[in-house]
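Here's the letter readout for the chains.
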Amino acid sequence: MSEFREMMEQREQSQACLDSAESRQSSAFRQMRRKRQQLSNEESIAILEKATAGTLALLGDDDYPYAVPISYVYHKGKLYFHSALAGHKVDAIRKCDKASFCVIDQDDVQPKKYTTFFRSVIAFGRIHIIEDEHEKLETARLLGNRYNPNDDESLHKEIESGFSRMLMIRFDIEHLTGKEAIELVRQRNIGDNVTIGAGSVVTKDIPSNSIAVGNPCKVIKTL
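On a predicted model such as this, the values are computed, not experimentally measured, just so you know.

Take the environment of Ala123 next. Residue position: Ala123 is located in strand S7 (residues 115–129). Along the primary structure Ala123 and His175 are separated by 52 residues, whereas in three dimensions their C-alpha atoms are 5.8 Å apart. Every residue in contact with Ala123, bar those within four places of it in the chain, is listed here: Leu79, Ala99, Ser100, Phe101, Phe171, Ile173, His175 and Leu176.

Structure representation (structure tokens):
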């Protein structure tokens, strides 16, 4: 229960960060046209927490869009990436700090229906190369623990050997939007007297008189 409580507290902190950014930036971004298919911020955050990679879009050479697949870690309303010291990505970030980041959570092709049952998230925001050595070290640890948790000794050696040859990058999320196929919306059927945990992603029916949590959302107790 303590792990679940900690997870919920972290998501609440993330939600607060995003709500603050949204209130400052709401006029700068388009609103989703098909509101029924829009995911909640909690659902979008859950997808960012679950996924391991996405596509980072930047303004590249000669103002051509430059989109690069990249690993990341999400933490308290921000995304963190690592990079070599030089390259197209680094040049683009130094040239323009506006960026977007897309994660595909589901892409279930339905051949006979000529469509896909999709679920995805796009983050818009400002991207920066981390100059502070302490912040760089802490975020490198965050990223390392995301992909190889509970192995501090190995992570320490890896960071120590490559720290001077790497950059850490911070993406401050200003606007987060998630969307799913209308077919997935129609599949959701939540019964009466149901409690859904904060940040849970409901992907199937939830029966009446139950408590359900998680991503994907699962019944943990029948009332």
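Turning next to the packing of aromatic side chains. For the structure on display, the rule yields three aromatic pairs. Considering the side-chain rings of Phe29 and Phe124, the 5.5 Å spacing of their centres and the 45° angle between planes classify their relative orientation as tilted. Of this pair, Phe29 sits in the loop between helix H1 (2–25) and strand S1 (38–39) while Phe124 sits in strand S7, and the two are 95 residues apart along the sequence. Take Phe29: its relative accessible area is 18%, and that puts it in the buried class. A relative accessible area of 27% means that Phe124 is categorised as partly exposed.

Non-glycine residue Asp62 carries a positive phi angle of around 55°. Looking at the secondary structure, you find Asp62 in the loop between strand S2 (53–59) and strand S3 (65–71). Residue Asn150 is not a glycine yet carries a positive backbone phi of 60°. Its location among the elements puts Asn150 in the loop between helix H4 (133–147) and helix H5 (152–162). For Asn150, a relative accessible area of 79% corresponds to the exposed category.

With that settled, consider the sheet that holds strand S11 (residues 218–222). Read across the sheet, three strands follow the order S9-S10-S11 without closing on themselves; strand pairing throughout is mixed. Two strands lie at the open edges of the sheet, namely strand S9 (194–196) and S11, each paired on one side alone. Averaged over neighbouring strand pairs, the angle between their axes works out to 25° when direction is ignored. Examined bridge by bridge, S9 and strand S10 (residues 210–213) share three bridges and lie parallel to one another. Looking at the pairing, Ile196 lines up with Ala212 of S10.

Turning to the layout of surface pockets, a few remarks are in order. Counted as a void, the second largest pocket has a volume near 240 Å³. Along its surface, the second largest pocket is lined by Ser71, His82, Ala140, Leu143, Gly144, Tyr147, Leu155, Glu158, Ile159, Gly162, Met166 and Met168. A breakdown of the residues in the lining of the second largest pocket according to their chemical character gives seven nonpolar, four polar and one charged.

Moving on, we get to the side chain of Ser210. By the element assignment, Ser210 lies in strand S10. Its relative accessible area of 2% is what places Ser210 among the buried residues. In this view, Ser210 contacts Asn193, Val194, Thr195, Val219, Lys221, Thr222 and Leu223; residues no more than four positions away in its chain are not counted.

To continue, consider the nonpolar core. Counting 28 residues, the largest nonpolar core has Leu56, Leu79, Phe81 and Phe171 as its most contacted members. Those elements giving two or more residues to this core turn out to be helix H2 (41–50), S2, S3, strand S5 (78–84), helix H3 (88–95), strand S6 (98–110), S7 and strand S8 (166–180). Top element by residues in this core is S8. It accounts for five residues. With residues up to four places along the chain from it excluded, the contact list for Leu79 reads Leu48, Tyr72, Val73, Tyr74, Phe101, Ala123, Ile169, Arg170, Phe171 and Ile173.

In terms of residue burial, H2 counts as a mostly covered element, since seven of its 10 residues are buried. Taken together, the buried positions of H2 are occupied by Asn41, Glu43, Ser44, Ile45, Ala46, Ile47 and Leu48.

Okay, H4 next. Helix length check: H4 (15 residues) gives 22 Å between terminal C-alpha atoms against 21 Å at 1.5 Å per residue, within 8%. Three or more residues of H4 are buried, namely Lys136, Thr139, Ala140, Leu143 and Gly144. For H4, the angular spread of the buried residues around the axis is 140°, confining them to a single face. In this fold, the buried residues of H4 make contact with strand S4 (73–75), S5, H5 and S8.

Taken N-terminus to C-terminus, the directions of H4 and H5 make an angle of 130°; their axes are 10 Å apart at the nearest point. Comparing the axis directions of H4 and H5 gives the class oblique. Considering the relative orientation of H4 and H5, their crossing is right-handed. Counting all contacts with H4, which are made through Leu137, Ala140, Arg141, Gly144 and Asn145, the residues of H5 involved are Asp152, Leu155 and Ile159. A breakdown of the residues in the contact of H4 with H5 according to their chemical character gives four nonpolar, two polar and two charged.

About the criteria used
- Residues numbered from 1 in each chain as written.
- Predicted model: local features only at pLDDT ≥ 70, side-chain atom pairs only at ≥ 80, totals over all residues.
- Heavy atoms only, no water.
- Helix = DSSP H or I, 4+ residues; strand = E, 2+ residues; numbered from the N terminus.
- Contact = heavy atoms within 4.5 Å.
- Phe/Tyr/Trp six-rings, centres within 6.5 Å; stacked < 30°, edge-to-face > 60°.
- Buried < 20%, exposed > 50% of the residue type's maximum accessible area, 1.4 Å probe, protein only.
- Pairing = 2+ DSSP bridges.
- Axes fitted to C-alpha atoms, helices over the stretch in contact; angles between N-to-C directions.
- 1 Å grid on protein atoms, 1.4 Å probe; cavity = no way out; pocket = protein on both sides within 12 Å on 5 of 7 lines; lining within 4 Å.
- Points joined across faces, edges and corners; volume = space filled by probe spheres on them.
- Nonpolar A, V, L, I, M, F, W, Y, C, P; charged D, E, K, R; others polar.
- Core = buried A, V, L, I, M, F, W, Y, C linked by side-chain atoms within 4.5 Å.
- Expected span 1.5 Å × (residues − 1).
- Arc of directions from axis to C-beta.
- Parallel < 35°, antiparallel > 145°, perpendicular 65-115°, else oblique.
- Left-handed = near helix turned anticlockwise from the far one by under 90°.

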